[in-house]
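Take a look at the letters that make up each chain.
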Amino acid sequence: MEFVMYWTFLVVLLLLPVFFLRARRPTKQLPPGSMGLPVIGQSLSLLKAMRANTGDEWFKDRIRKYGPISKLSLFGTPSIFLHGQAANKFIYTCDGNKLANNQPKSISRLIGERSIIELSGEDHKRIRTALVSFLKPEVLKQYIGKLDEEIRHHLDTHWHGKQEVKVGPLMKTLTFNVICSLIFGIERGERRDILVGLFQELIAGVLAVPVNLPFTQFNRSLQASAKIKAIVMDLIREKRVAFEQQGASPHQDLITFLLSMRNEDNSSVLSDEEILDNGKIVMIAGHDTTSILLTFMVRLFANNPSVYEAVSQVWALSMTHMDETIFPDPSKFDPKRFEQQVPAPPYSFVAFGGGQRICPGYEFAKIETLAMVHYLVTRFKWKLSCKDDSFSREPMPVFNQGLPIQITPKKSSGAL
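The name given to the protein chain in an unreviewed UniProt entry is Cytochrome P450, and the organism recorded there is Escallonia herrerae. Heading Cofactor (unreviewed entry) of the UniProt record for the protein chain holds this comment: "heme".

Below, the structure is given as C-alpha cells:
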C-alpha cells in the first residue's frame, strides 16, 4: 500500500522484505544480475512462481545466486532488487533527492500519474498529508457507524441463513462495499455493481505483461481504467455541487473531504486528477489486502479458535518477514513473538512501511479488520469444509477453492 505499494509493484511487499527500485539517474556501476529478454525480463518466471505459490523460493534463489542486491527487468522496467533490514531502512529513510517514486509506465498508465506512489518531494508530502487528515484515528471514529452498518448488511445478506459460504469472494465483496461507502460515498446500487467489475479488471492488469494488444489482460485493464475515470470524474462533479451549492458535510466520504480542503489563497489542495488517481490507490490497496487478511484469519480461527484474544495485538499477518535470523520460525503463528523484551531491530517489521512512507491507511485497515472479526467470532462458529485449503498468487493470494467453510450461528450476537 503507499498502502505498502510504494515500489515497483504491490505484491512483493507481501512476500519478502524485498524492493525493486528504479534509480533516478542511470549509473555505470550496476550490481550483478541479468536483464533477461527485452520487455519481458524476469516477469514471466516471477508470475509463474507466484501462481505456483513458490514466490518465496524464487526470491531466495535470486539472493543465493546474486546476493541481496541485483539488477533485473520486470514488466518492461529496469529494476534493482534489494533485500534485508538495511534495504528497508535505506528506502524508508531516503529523501527524494536520493530515491524517488518511479513506477513502471504500465502502472502509471493504469492508475494515473498523480497518485501518491508516483510523486516525490513536496507533491508527495501534500498528497500524503491530505490522505492522513481523513484516515487518522480521531477522524475515522466518525465513520464507525457507516462501517458497522456495512458489515451488518453484509452478514445479513451473505452469511445468515447459509450453511456453507466461500470466504474469499465474500471478503472481497465486503471490503469493496466498505470502500465504496467510506471512500467514494457511493450508495448501494447500479454504480457500485459496475465499479466492482471494473476494479477487478484493473487490478488484474497491475502485474500483467505490459503489452497493449487486443485480447491481452493489459489491454482489458486499460479499458477498465478509462471507464473508472469517467465514473469517478462524474462523481467528483456531483460531490462538488453538493458541497459548494447544497451544503453537504465535508466529512461524509474521502472525495468530499478532499474537495473541501483549501490552501491559504482558497485554491484547491488537490486537483480532480489527483483525487481520481489517489482514489484508485486507496481502492486497490484497501480492497485486496484487507480482504486477504480477513480470509487468512478465518482459516486461522478454523484451525485454532483460541487465537481470537491475540488478534487485537497481532492483526497484520504479513507474509513478508521470513528472515529466521530476526524472526525465529517465521512461518509459525506466534503472537508472543512481539511481546519479547528485546524488540526486533528497526525496519525489520515493515508490514505497513516506515518513516515518511508508512501506510497512511493502516488505522483504517485495523478498524475494518477488527470490526469484521468481532462480528464473525460472536455470531458464528465454523470449520473448514474442504481438505484443500491451498492458495496461489494471481498476483495476490487466492484460495484455490475460495476457502469454503461450514457455518453455524451462535445464540447471541455481538455489537460494536
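Caption draft 1: Up close: helix 7 (residues 144–158). When the terminal C-alpha atoms of helix 7 are compared, their 21 Å separation across 15 residues agrees well with the 21 Å that a helix rising 1.5 Å per residue should span. All of the buried residues along helix 7 are Leu 147, Asp 148, Glu 150, Ile 151, His 154 and Leu 155. Buried residues of helix 7 fall within an arc of 165 degrees about the axis and therefore sit on the same side. If you follow the buried residues of helix 7, they end up packed against helix 8 (167–184), helix 9 (190–204), helix 13 (362–379) and strand 5 (380–384).

Caption draft 2: Structural detail: the pairing of strand 8 (residues 404–409). When strand 4 (residues 164–166) meets strand 8, the two strands line up antiparallel, connected through 3 bridges. Across the sheet, Glu 164 pairs through a bridge with Gln 406, a residue of strand 8. In the sheet, strand 5 pairs with strand 8 via 5 bridges, with the strands oriented antiparallel. Paired with Trp 382 across the bridge in strand 8 is Ile 407.

Caption draft 3: Layout of unusual backbone geometry. Positive phi is not limited to glycine here, since Phe 215 has a value of about 75 degrees. With respect to the helices and strands, Phe 215 occurs in the loop between helix 9 and helix 10 (217–246). The backbone of Leu 403 shows a phi angle near 55 degrees, a positive value even though the residue is not glycine. Following the sequence through the fold, Leu 403 ends up in the loop between strand 7 (397–399) and strand 8.

Caption draft 4: Local environment of the packing of helix 8 against helix 9. Where helix 8 meets helix 9, the closest approach of the two axes is 11 Å, and the angle between their N-to-C directions is 110 degrees. Between helix 8 and helix 9, the crossing angle belongs to the class labelled roughly perpendicular. The two elements helix 8 and helix 9 meet at a crossing, and its hand is right-handed. Across the interface between the two elements, Phe 176, Asn 177, Cys 180, Ser 181 and Phe 184 of helix 8 pack against Arg 192, Leu 195, Val 196 and Phe 199 of helix 9. A per-class count over the contact of helix 8 with helix 9 returns 6 nonpolar, 2 polar and 1 charged.

Caption draft 5: Seen up close, the side chain of Ser 73. Mapped onto the fold, Ser 73 is located in strand 2 (residues 69–74). The buried category is assigned to Ser 73, whose relative accessible area is 7%. Setting aside residues no more than four positions away along its own chain, Ser 73 makes contact with Ser 34, Met 35, Val 39, Ile 40, Gly 41, Gln 42, Ser 43 and Pro 78.

Caption draft 6: Geometry of the packing of helix 12 (residues 272–303) against helix 13. It is at 10 Å that the axes of helix 12 and helix 13 come closest, and there the two elements cross at 35 degrees. Judged by the sense of rotation from one axis to the other, the crossing of helix 12 with helix 13 is right-handed. Facing helix 12, whose interface residues are Thr 290, Leu 293, Leu 294, Met 297, Val 298 and Phe 301, helix 13 presents Ala 365, Glu 368, Thr 369, Met 372, Val 373, Leu 376 and Val 377. Partitioned by chemical class, the residues of the contact of helix 12 with helix 13 number 10 nonpolar, 2 polar and 1 charged.

Caption draft 7: Highlighting the packing of aromatic side chains. The final tally for this structure, using the stated rule, is 11 aromatic pairs. Ring geometry for Trp 159 against Phe 380: centres 5.7 Å apart, planes inclined by 45 degrees, an arrangement best described as tilted. Placement of Trp 159 in the loop between helix 7 and strand 4 and of Phe 380 in strand 5 is noted, with a sequence separation of 221 residues between them. These aromatic residues form a ring-pair network of at least three members: Trp 58, Phe 59 and Phe 81.

Caption draft 8: Representation of the sheet that holds strand 5 within the structure. Strand order in the open sheet formed by 3 strands is 4-8-5, and the pairing between neighbours is antiparallel. Since the sheet does not close on itself, it has two edges, and those belong to strand 4 and strand 5, each with one partner. Strand-to-strand twist in this sheet, taken as the mean axis angle between neighbours without regard to direction, amounts to 35 degrees. Across the sheet, helix 8 touches strand 4 and strand 8, and the angle it forms with strand 4 is around 65 degrees.

Caption draft 9: Local environment of the nonpolar core. Counting residues in each nonpolar core, the largest one holds 93 residues, and the members touching the most others are Trp 159, Met 171, Phe 184, Met 372, Leu 376 and Trp 382. The element contributing the most residues to this core is helix 12, with 13 residues.

Caption draft 10: Just the side chain of Asn 219, in detail. Topologically, Asn 219 is positioned in helix 10. Apart from residues no more than four positions distant in its own chain, Asn 219 is found in contact with Val 211, Asn 212, Leu 213 and Pro 214.

Caption draft 11: Summary view of a nonpolar patch on the surface. Residues Val 39, Val 211 and Leu 213 make up a contiguous nonpolar surface patch of about 240 Å² in total accessible area. Locating Leu 213 in the fold gives a position in the loop between helix 9 and helix 10. With relative accessibility at 49%, the residue Leu 213 sits in the partly exposed group.

Basis of the calculations
- Residues numbered from 1 in each chain as written.
- Predicted model: local features only at pLDDT ≥ 70, side-chain atom pairs only at ≥ 80, totals over all residues.
- Heavy atoms only, no water.
- UniProt positions renumbered as here; feature names shortened; annotations may be inferred.
- Helix = DSSP H or I, 4+ residues; strand = E, 2+ residues; numbered from the N terminus.
- Expected span 1.5 Å × (residues − 1).
- Buried < 20%, exposed > 50% of the residue type's maximum accessible area, 1.4 Å probe, protein only.
- Arc of directions from axis to C-beta.
- Contact = heavy atoms within 4.5 Å.
- Pairing = 2+ DSSP bridges.
- Axes fitted to C-alpha atoms, helices over the stretch in contact; angles between N-to-C directions.
- Parallel < 35°, antiparallel > 145°, perpendicular 65-115°, else oblique.
- Left-handed = near helix turned anticlockwise from the far one by under 90°.
- Nonpolar A, V, L, I, M, F, W, Y, C, P; charged D, E, K, R; others polar.
- Phe/Tyr/Trp six-rings, centres within 6.5 Å; stacked < 30°, edge-to-face > 60°.
- Core = buried A, V, L, I, M, F, W, Y, C linked by side-chain atoms within 4.5 Å.
- Patch = residues over 30% accessible without salt bridge, like charges linked within 9 Å, V, L, I, M, F, W, Y side chains within 5 Å.
- Areas by Shrake-Rupley, 256 points an atom, 1.4 Å probe, with all protein chains shown as cover.
- Salt bridge = Lys/Arg side-chain N within 4 Å of Asp/Glu carboxyl O.

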